[in-house]
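Residue-level structural notes
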Amino acid sequence: MNTDVNTAADARGESKKILLVTVHPESRSLTASLSAFAADHLRAAGHEVRVSDLYAMKWKATVDADDFPDLAGDERLSVMAEAGRATAEGRLTADVAAEQEKVRWADAIVFQFPVWWFGPPAILKGWFDRVFTPGFAYGPGLVPYSGGASALSGRRVLLSVTAGARATAFSDRGIHGSIADVLHPLQHGLFAFTGMDPLDPFAVYGTNTLPVEGFEEAKQAYAARLDGLFTDAPVPYRLLSGGDYDHDMRLLPGVEEPGTSSLDRHVRPRG
């Protein structure tokens, strides 16, 4: 992505295309309220918004042989290989093809979901499993192996999450670790891996007992993050093809700043 071009375009008020993926089984939930707020706020700013409400869509979360109807009944299912062939030959199921079309259409994707057992709800994990296929999101000739652009390359992505625990539980010495560490498998292992530009996640904490004034404060903070969707700097994750890793995908000695530890080693210095 050419950040300078996009920043200038945003300053001119250029309309962008945004996919909002919302994930909660209850239409009256905080997640649903935040999703509705996000859609309204982005549209009021002049952007075009499409919504994938996975529970309302009754999204099929599991990858299985039903995803590949051309597979012979006695043939062993190799999910990665078959998904790659189906992608290349235009044989993906209609629901998966429709979501891939939305991803291609979008300049940015916002995911709104509750953190359940330190990860996304299973239905969203299933969306990633089925939609981010080889040949579409990654693979030979594409990121991260050769740097070639995938269908996701350069798209901005923002995770907006809710958590029942208090914010201090996700602090530097909190029992759960930072929210960046909790979401690292998505931010780094999925988005950065496939060439997307993940922003720092937005989180609303203490949601089990969130008062009305807390919700209003959360909306104001969320609005600021949505306003920066195309201007805020993405997390500067190190790239596999950027020279920081050896052949065995291990970070080279001395690449990180002194004192850097754990998952922060895989983020380049900011500023």
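What counts as what
Residues numbered from 1 in each chain as written. Predicted model: local features only at pLDDT ≥ 70, side-chain atom pairs only at ≥ 80, totals over all residues. Heavy atoms only, no water. Salt bridge = Lys/Arg side-chain N within 4 Å of Asp/Glu carboxyl O. Helix = DSSP H or I, 4+ residues; strand = E, 2+ residues; numbered from the N terminus. Buried < 20%, exposed > 50% of the residue type's maximum accessible area, 1.4 Å probe, protein only. Contact = heavy atoms within 4.5 Å. Phe/Tyr/Trp six-rings, centres within 6.5 Å; stacked < 30°, edge-to-face > 60°. Polar contact = N/O pair within 3.5 Å; in protein donor to acceptor, adjacent residues only side chain to side chain. Pairing = 2+ DSSP bridges.

Going through the model one piece at a time under the given rule, you end up with 18 salt bridges. Between D70 and R91 there is a salt bridge, and its shortest N-O distance comes to 3.4 Å. Taken as a pair, D70 in the loop between β2 (48–53) and α3 (79–89) and R91 in the loop between α3 and α4 (94–105) lie far apart in primary sequence, 21 residues in all. Looking at R91, the relative accessible area reads 21%, which means it is partly exposed.

It is worth spelling out helix α7 (residues 184–192) at this point. Considered for burial, the residues of α7 that qualify are H184, L186, Q187, L190, F191 and A192. Buried residues along α7 sit against β3 (108–114), α5 (122–131), β4 (156–162), α6 (179–182) and β5 (197–198).

Scanning all chains against the criterion turns up eleven aromatic pairs. Residues F111 and F128 carry aromatic rings whose centres are separated by 5.3 Å and whose planes lie at 55° to one another, so their mutual orientation is tilted. Highlighted residues: F111 in strand β3 and F128 in helix α5, separated in sequence by 17 residues. Ring geometry for W127 against F128: centres 5.6 Å apart, planes inclined by 75°, an arrangement best described as edge-to-face. What makes F128 buried here is its relative accessible area of 4%. One aromatic cluster is present, built from ring pairs that chain together F111, W127, F128, F132 and F191.

Our next topic: the side chain of R238. Assignment of secondary structure puts R238 in the segment after α8 (212–227). Classification of R238 by relative accessible area gives buried; the value is 6%. A polar contact of 3.1 Å, which involves the side chain of R238, links it to the side chain of D244. At a separation of 2.7 Å, a polar atom in the side chain of R238 contacts the main-chain carbonyl oxygen of R265. Not counting residues within four places of it along the chain, the set of residues in contact with R238 comprises H188, D244, Y245, L251, V255, E256, R265, H266, V267, R268 and P269.

To continue, consider the pairing of strand β1 (residues 17–22). Most of β1 sits inside the fold, with five of its six residues counted as buried. The sheet contact formed by β1 and β2 spans six bridges and is parallel. Each residue of the ladder has a partner; that of V21, found in β2, is S52. Sheet topology places β1 next to β3; five bridges connect them, and they run parallel. For I18, the partnering residue across the bridge sits in β3 and is A108.

Structural measurements only, silent on function.
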